[in-house]
Amino acid sequence: MNAKVHELLNQQVNKEFYSAYLYLDFSNYFKDNDLDGFANWYLIQAQEERDHAMLFYTYLQNEDASVTLDAIARPDVALDSHMTVLEAGLAHEKYVTSLINDIYAAAYEDRDFRTMQFLDWFVKEQGEEETRARDMIAKMKLFGSDPRSLYLLNQELAARVYAAPTLVL
Ligand code: FEO
């Protein structure tokens, strides 16, 4: 594997674990604010991010490329209000999309078609993650200021259940 592609894939293991950490922090914020449905939604989001990290980890191992684990940074988002948290989620997903695109570009340059094929799943997943994050903001804008509506939205988010990723390595 090309050194640049290898480095970026290895860094992505850490970035995905950081994402899990960030969403655990979001979940904790909502738990503290008695919105258990939102807390559930972000807990599952964190589980998905852990799965993403493991997919990069396993892909590297399968390709006989070394994996170096680094320290996971402390979540750095100021949790000032419900909307701040949701907007930080969207900003973070856009950042992750840019990271996936950077790896894809490096793989493309090296004609590393296998890595490109592996990343295809993540390209689609990032589109879905950004849509979900935008959807959360839209719903909060519509319903967040009315306690009864916020209660119903919280109920809706409580129904989210964990599903293993559709990509299997
Ligand atoms: Fe692993 Fe939310 O992207």
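Parameters at a glance
Residues numbered from 1 in each chain as written. Predicted model: local features only at pLDDT ≥ 70, side-chain atom pairs only at ≥ 80, totals over all residues. Heavy atoms only, no water. Helix = DSSP H or I, 4+ residues; strand = E, 2+ residues; numbered from the N terminus. Axes fitted to C-alpha atoms, helices over the stretch in contact; angles between N-to-C directions. Left-handed = near helix turned anticlockwise from the far one by under 90°. Contact = heavy atoms within 4.5 Å. Nonpolar A, V, L, I, M, F, W, Y, C, P; charged D, E, K, R; others polar. Core = buried A, V, L, I, M, F, W, Y, C linked by side-chain atoms within 4.5 Å. Buried < 20%, exposed > 50% of the residue type's maximum accessible area, 1.4 Å probe, protein only.

Student: I'm lost on unusual backbone geometry in this one. Help?
Tutor: A negative phi holds for most residues other than glycine; trans holds for most peptide bonds. With phi around 60 degrees, D34 is a residue other than glycine that occupies positive phi space. Mapping D34 onto the fold places it in the loop between α1 (3-32) and α2 (36-62). The phi dihedral of D64 is positive, around 60 degrees, even though this residue is not glycine. Mapping D64 onto the fold places it in the loop between α2 and α3 (82-109).

Student: Any chance you could explain the packing of α2 against helix α5 (residues 147-158) here in plain terms?
Tutor: Axes are the key here: two packed helices are described by the angle between their axes and the distance separating the axes. For the pair α2 and α5, the least separation of the axes is 7 Å and the interaxial angle reads 35 degrees. The way α2 lies across α5 gives a crossing that is left-handed. Every residue of α5 that contacts α2 at D36, G37, F38, N40 and W41 is listed here: L150, L153, N154, L157 and A158. Across the contact of α2 with α5, the residue classes break down as six nonpolar, three polar and one charged.

Student: Looking at this structure, I do not really get the nonpolar core. What am I missing?
Tutor: Within soluble globular proteins, side chains that are nonpolar generally end up buried alongside one another. Counting 24 residues, the largest nonpolar core has F26, F30, F38, Y42, L86 and M136 as the members making the most contacts within it. Listing elements by their share of this core, those giving two or more residues are α1, α2, α3, α4 (113-143) and α5. Among the elements that take part in this core, α1 stands out by supplying six residues, more than any other. Ignoring any residue separated from it by four or fewer positions in sequence, one finds F26 in contact with Y42, V77, L79, V85, A88 and G89. In this structure, V5, V13, L60 and I100 belong to the second largest nonpolar core, which totals 20 residues.

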